[in-house]
Every structure is written in structure tokens, then in C-alpha cells.
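# Notes for the structure review
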Amino acid sequence: MKTPILTDTKALTRNRARAVAMPAPALFLHEDLRDEIKERLTEVNKTFTSVAIITGFPVFWRDAFPQAHIVAEDEVLALEPCAHDLVIHAMGLHWANDPVGQLIQCLRALKPDGLFLAVLLGGQTLHELRACLAEAEATVTGGLSPRILPMAEIRDLGGLLQRAGFALPVADGFTRKVHYRDAYHLMHDLRAMGEGNALTARLRHPTRRAVFAKAAAVYAQSYAVADDRIAATFEMIFLTGWAPHESQQKPLRPGSATKRLAEALNAPEIPLPATKGEG
């Protein structure tokens, strides 16, 4: 059975272009992530000389990494095999129709012992808006339509790194709470981020104003914070993996330990009581 296409890539590209063209694009998450990525790279005992960055915001990331090769967020990435020692997938992997395919392409683009680093939105992102829109639409129209991208949980994303073939895979993240004047202000910011609705199954006609009015009222009642504002959650997930190389640490073969755990911990070993049937 053919896998359904979740993301309308033309709509996503259009949303990105509209965001960049706005008088004040909302790229504060990219700014946070740029700083976090640079901090993480300082902790790696390695100098990177050939960097590729996959992004829908080329100007921003070219300014952050002037020497990097900027690659568009396409289904087939413009990456040469074994050409880079660092590949960064910057805030687009959550929209990928084939995330494992994207990871495999990035792995192939890495030299042995090259580093892959991705940052994307995780499953807790905009859970407040998701709930409010669902309640409002069900109340006003009696039905539901796809409005917010379903995003993966961190434990699942770590498994994708292993499936793609990365060595030493790690998934971690943090959440950021952002306060807004109201739900309309939040939705405007999402458009200015280029994170508007680009789902293939989205409605192709305007939503009734009553749906948004109801959603804003529910939001203000359910997720209010100080100063008559509302809170919105953005979960930022980092994926890290290495192109396999013989110099990397490898897990020990089961049963190959030469010391007992109690000895390693310098602790007394207490045998378990025998169960019935044991001699």
C-alpha cells in the first residue's frame, strides 16, 4: 500500500517564502537553535572544514555559517556522497514525508566519522493550540480537519537514527514556553515562522470565523498566564549521530565482561535466595 503524503511540499515552500518576505519574520526559534548548535559544536573535539546545512531559510543559516554549503529542503537532497564532515538539518525534518530517507541521505553525504546534527519540532509543540482548535471546530462545525502537523516523540526519533545506520545515536531536547497576547497573535507568528498549515489533507476553503473566535476564547480560558497572556509550547529536539568509523567506541559483546558488577562498584554481593525447584 502506498504511504500517504503528509506534507504538501509546494505549500511548505510557499509558506517559507512568505515568512521571509514579511516585514518582521519570526525567526527567534532559529536564533535560539543557532546559538545552541554553535555551543554544542564547541564541545566536540573536532574541527569541521566541510559543512552542509539543510534549511528552508538559507539567508539566515548562511549568515550563521558563512562557509557552509546550503541545501534546500527537498525530498531528494542536493548532497554529494562522502563530501562533508558535518551535516546540519535545521528545522525542517518534522515536515519531511520520508524522515528516514532524509537521514540516510545525510549519512551518505558524510565522510567516515563525520557528524550529523538535526534540530526539529517535537510532539509537544503547540499542544495547546491543537486542543483548542479541535474543541472549537467540533463545537462550531461538528467535525475536525487537519490543522497542525503531527510531530514525533523524542523516543521515536532516536530510533530513526539507528534505522538510518548512524553510530552513537543520541536524541535530546528541551521545551520553550512563549507568551502571546492571544491565539490570533500566536497564529500570526506561526505564519511569520513559515510554520503555517502545509498538510496535504488541509481544508482548501476558508475556515469560518466562528471557529477561530471559539478557539481563541477556549485558549484564553484554558492556558492563561500572567498579564492576560497565553502560553504556547515549542518542543525542540536535537538528533546527533556519527558516520561509522573504526575508531569509534563500540558496545561490548554480551557475556564478554571480565569483572563482576559488585567488584566494579566496590560493593558487597548478596546472592538471591534460591527458589523452589532449585538445588
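Residues numbered from 1 in each chain as written. Predicted model: local features only at pLDDT ≥ 70, side-chain atom pairs only at ≥ 80, totals over all residues. Heavy atoms only, no water.

### Remarks on the overall build of the protein
In plain terms, the rule: Starting at the N terminus, helices and strands are each numbered in turn, a helix being any DSSP run of H or I of at least four residues and a strand any DSSP run of E of at least two. Relative accessibility under 20% of the residue-type maximum defines a buried residue, over 50% an exposed one, and the middle range a partly exposed one, all with a 1.4 Å probe and only protein chains included. What makes two residues a contact is simply this: any of their non-hydrogen atoms within 4.5 Å. Residue burial considers only the protein chains on display, and all accessible areas are found by Shrake-Rupley using a 1.4 Å probe.
Scanning the protein from terminus to terminus reveals nine helices and seven strands. Burial status across the protein gives 44% buried among its 279 residues. Once local pairs closer than 6 in sequence are excluded, the contacts in the protein between residues at least 24 apart make up 82%. Within the structure as shown, the protein displays about 16000 Å² of accessible surface, and the carbon and sulfur contribution to it stands at 55%.

### Topic: the pairing of strand β1 (residues 51-54)
The cut-off we apply is this: Strand pairing is defined by DSSP finding a minimum of two bridges between the two strands. Classification remark: right-handed applies to a crossover when, strands pointing away from the viewer, the course from the first strand over the helix to the second runs clockwise.
Here β1 shows two buried faces, one formed by Val51 and Ile53 and the other by Ala52 and Ile54. Direction of pairing for β1 relative to strand β3 (residues 84-90): parallel, over a ladder of four bridges. Bridging from a neighbouring strand, Ile53 pairs with Ile88 of β3. The pairing of β1 with strand β2 (residues 69-71) spans three bridges and is classified as parallel. Each residue of the ladder has a partner; that of Ile54, found in β2, is Val71. As a crossover connection, the stretch from β1 through helix α3 (residues 58-64) into β2 is right-handed.

### Notes on the side chain of Ser50
Where we set the bar: Two N or O atoms count as a polar contact when they lie within 3.5 Å, although within protein this holds only if one can serve as hydrogen donor and the other as acceptor, and sequence-adjacent residues are included solely when both atoms are side-chain atoms.
With respect to the element layout, Ser50 can be found in the loop between α2 (28-42) and β1. Of the polar contacts made by the side chain of Ser50, one reaches the backbone oxygen of Ala83; its length is 2.9 Å. Sequence-distant contacts of Ser50, defined by excluding residues within four places in its chain, comprise Ala83, His84, Asp85 and Leu86.

### Observations regarding the pairing of strand β7 (residues 229-242)
A large share of β7 lies buried, amounting to 13 of its 14 residues. In this sheet, β7 lies alongside strand β4 (residues 110-121) in antiparallel orientation, the contact comprising seven bridges. Looking at β7, one finds that Leu117 is bridged to Thr240. The sheet contact formed by strand β5 (residues 167-180) and β7 spans twelve bridges and is antiparallel. The residue of β7 that forms the bridge with Ala167 is Trp242.

### A word on the layout of surface pockets
Rule in force here: Here a cavity is any set of points on a 1 Å grid over the protein atoms alone where a 1.4 Å probe fits but cannot get out, and a pocket is any open set with protein on both sides within 12 Å along at least 5 of 7 lines; a residue lines the site when it has an atom within 4 Å of a point. Grid points are joined across faces, edges and corners, and a volume is the space filled by probe spheres set on the points. In this count, Pro and Cys sit with the nonpolar residues alongside Ala, Val, Leu, Ile, Met, Phe, Trp and Tyr, while Asp, Glu, Lys and Arg are called charged and the others, Gly among them, polar.
Each pocket or cavity is described by its volume, and for the largest pocket that value is around 830 Å³. Top contributing element to the lining of the largest pocket by residue count: helix α7 (residues 183-193), with five residues. Of the residues belonging to the lining of the largest pocket, the class tally is 19 nonpolar, nine polar and seven charged. Its volume calculated, the second largest pocket comes out at about 220 Å³. Within the residue set of the lining of the second largest pocket, elements represented by two or more residues are β4 and α6 (154-164). Among the residues forming the lining of the second largest pocket, the class breakdown is twelve nonpolar, three polar and no charged.

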